[in-house]
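Each chain is listed here by its residues.
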Amino acid sequence: MIEILIFSLIPFIGSILQTSMGFGNGVLIMAILPFILPFGKAVAFNQISCLFLTVLVVSKMWRKIRWSVLIPILIPMGISTILFTLWSFSFDQSILKMLLGVVFIILVLVFLLSKKGISIEPTPLKGAVMGVISGLSNGFTGISGPPAAMYLRPSIENNDEYIATIQCFFLFQSTIGLLSRMGLGALDRGDIGFLAIVLVATFLGSVIGRKINGKVDSAKMQRYVYIFVGLYGVYVLVSELINIVIAL
């Protein structure tokens, strides 16, 4: 019963955050599921939920995707995601959780830098570099948004085109990562029931998120989420380091 509650509540809240302020679903899922599931399976569940959300957005906004800007980051991301996903399965769970904590901390740093107007100059070469970094993060933790946002945001002035383009990036990121993990056996038939719960909860949360979009202070919500993400990242990193030291 507790597992059903977790698998329904986490993607439900995460999809509300994602559709109302642009991010939050993957972060919330990865903050909880790796501590009740094997890490690879938790990432797969996260990518399924994120894939479902991005399909909803891209299906409505695909005409506004800036492919010329997207391709330089998309191809390196796809290749590196496959390679780093394969590599991640050789790592101990504690190391992967530590990497997740580091990614959470980096998320906050990227947010602070963006607030100061610091961004990546949008050149194809830098797009490729950001793509490899995104693939590394995606392969190990299932989270790859910050490098993509740092490249795509200054590249696209129109907000609708930016949203369509970055959501398309997330669609490919989730699809490639999910297929890679499924090929390595991260999911099995016993997960079908929980997958159904995750998808239903994600859909219901997205409906509510779209209804409250524009009616809440998204900037304030972002600050609260980033405070949580930063503190939680430090907690995960420190607690896993302590566990490793104790085990020595």
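Cut-offs and rules
Residues numbered from 1 in each chain as written. Predicted model: local features only at pLDDT ≥ 70, side-chain atom pairs only at ≥ 80, totals over all residues. Heavy atoms only, no water. Helix = DSSP H or I, 4+ residues; strand = E, 2+ residues; numbered from the N terminus. Rg over C-alpha atoms; globule rule 2.2 N^0.38 Å. Buried < 20%, exposed > 50% of the residue type's maximum accessible area, 1.4 Å probe, protein only. Contact = heavy atoms within 4.5 Å. Lys, Arg positive; Asp, Glu negative; His and termini not counted. Charge placed at Lys NZ, Arg CZ, Asp CG, Glu CD. pLDDT = per-residue confidence, 0-100. Axes fitted to C-alpha atoms, helices over the stretch in contact; angles between N-to-C directions. Parallel < 35°, antiparallel > 145°, perpendicular 65-115°, else oblique. Left-handed = near helix turned anticlockwise from the far one by under 90°. Nonpolar A, V, L, I, M, F, W, Y, C, P; charged D, E, K, R; others polar. Phe/Tyr/Trp six-rings, centres within 6.5 Å; stacked < 30°, edge-to-face > 60°. Lys NZ or Arg CZ within 6 Å of the ring centre and 35° of its normal. Core = buried A, V, L, I, M, F, W, Y, C linked by side-chain atoms within 4.5 Å. Salt bridge = Lys/Arg side-chain N within 4 Å of Asp/Glu carboxyl O. Patch = residues over 30% accessible without salt bridge, like charges linked within 9 Å, V, L, I, M, F, W, Y side chains within 5 Å. Areas by Shrake-Rupley, 256 points an atom, 1.4 Å probe, with all protein chains shown as cover.

Visitor: Before we go on, may I ask you to explain the overall build of the chain in this structure?
Guide: A count of helices and strands for the chain gives ten helices and zero strands. For the chain, the α and β elements follow one another from N to C terminus as α-α-α-α-α-α-α-α-α-α. What you see for the chain is a C-alpha radius of gyration of 17 Å, in line with the 18 Å of a compact globule of 248 residues. Projecting the C-alpha coordinates of the chain onto the three principal axes gives extents of approximately 50 × 35 × 35 Å. Evaluated residue by residue, the chain yields a buried proportion of 50% over its 248 residues. For the chain, the proportion of contacts with a sequence separation of at least 24, taken over those separated by at least 6, is 84%. Separation of charge centres in the chain, based on 17 positive and 10 negative side chains, amounts to 8 Å.

Visitor: Can you walk me through the confidence of the model for the chain in this structure?
Guide: Low pLDDT means the predicted atomic positions in that stretch should not be read closely. For the chain, per-residue confidence averages 85 on the pLDDT scale, and residues scoring 70 or more make up 94% of the total. Element-level mean pLDDT values for the chain span from 80 in helix H1 (residues 2-21) up to 94 in helix H4 (residues 67-88).

Visitor: In this structure, what is going on with the packing of H4 against helix H7 (residues 145-155)? I would like to understand it.
Guide: Any two packed helices are characterised by the angle at which their axes cross and by the distance between the axes. Running from N to C, H4 and H7 cross one another at 160°; their axes reach a closest spacing of 11 Å. Judged on the interaxial angle alone, H7 and H4 are roughly antiparallel. Note on packing geometry: the crossing formed by H4 with H7 is right-handed. Taking contact as the criterion, the partners of Val69, Pro72 and Ile73 in H4 are, on H7, Pro147, Ala148, Tyr151, Leu152 and Ser155. Here the contact of H4 with H7 is built from residues that sort into seven nonpolar, one polar and no charged.

Visitor: Looking at this structure, how should I read the packing of aromatic side chains?
Guide: Aromatic ring pairs: the centre-centre distance and the angle between the two ring planes describe each pair. What the rule picks out here adds up to eleven aromatic pairs. Aromatic pair Trp87 and Phe91: ring centres 5.2 Å apart, planes at 75°, arrangement edge-to-face. Sitting over the ring of Tyr162, Arg153 keeps its end group 3.9 Å from the ring centre.

Visitor: Can you walk me through the side chain of Asn138 in this structure?
Guide: Its location among the elements puts Asn138 in helix H6 (residues 124-141). Take Asn138: its relative accessible area is 0%, and that puts it in the buried class. Beyond its immediate chain neighbours, meaning those up to four positions away, Asn138 contacts Gln47, Met77, Thr81, Ile143, Ser144, Gln173, Gly177 and Arg181.

Visitor: How should I be thinking about the nonpolar core in this particular structure?
Guide: Burial of nonpolar side chains together is a common tendency in soluble globular proteins. Core analysis: the biggest nonpolar cluster contains 37 residues, and Leu33, Phe45, Leu70, Ile73, Leu152, Phe169 and Leu187 have the highest contact counts within it. When residues of this core are traced back to their parent elements, those giving at least two are H1, helix H2 (25-32), helix H3 (39-61), H4, H7, helix H8 (159-183) and helix H9 (192-212). Those residues within four positions of Leu33 in sequence are excluded, and the remaining contacts are Ile6, Phe7, Ala42 and Phe45. Val103, Val108, Met221 and Val225 belong to the second-largest nonpolar core, a separate cluster that totals 22 residues.

Visitor: I'm lost on the side chain of Thr202 in this one. Help?
Guide: Examined against the element boundaries, Thr202 turns out to sit in helix H9. In contact with Thr202, not counting residues within four places along its chain, are Pro11, Ser15, Ser49, Phe52 and Leu53.

Visitor: Please clarify how the pattern of salt bridges should be interpreted in this entry.
Guide: Side chains that differ in sign of charge can pair as their charged atoms come close. Using the criterion set out here, one finds four salt bridges in the structure. The partner of Asp160 in a salt bridge is Lys64, with the nearest N and O atoms 3.2 Å apart. Here the residue Asp160 occupies a position in helix H8, and Lys64 occupies one in the loop between H3 and H4, the gap between them amounting to 96 residues. On the accessibility criterion, Asp160 (35% relative accessible area) is partly exposed.

Visitor: Would you mind showing me how to read a nonpolar patch on the surface here?
Guide: A surface patch of nonpolar side chains, amounting to about 580 Å² of accessible area, comprises Trp67, Ile71, Ile75, Ile79, Leu83 and Phe172. No other element matches the five residues that H4 contributes to the nonpolar patch. Tracing the backbone shows Ile75 in helix H4.

Visitor: Explanation requested: the environment of Lys215 in the structure shown.
Guide: Topologically, Lys215 is positioned in the loop between H9 and helix H10 (218-247). Sequence separation of Lys215 and Ser20 is 195 residues, and the distance between their C-alpha atoms is 8.9 Å.

Visitor: Is there a simple way to think about the packing of H4 against H8 in this case?
Guide: Where H4 contacts H8, the two axes come as close as 9 Å, and the packing angle between them is 25°. On the basis of their axis angle, the class for H4 and H8 is roughly parallel. For the crossing formed where H4 meets H8, the hand is right-handed. Facing H4, whose interface residues are Trp67, Leu70, Ile73, Leu74, Met77, Gly78, Thr81, Ile82, Thr85 and Ser88, H8 presents Thr165, Cys168, Phe169, Phe172, Gln173, Ile176, Gly177, Ser180 and Arg181. Along the lines of polarity and charge, the residues of the contact of H4 with H8 split into ten nonpolar, eight polar and one charged.

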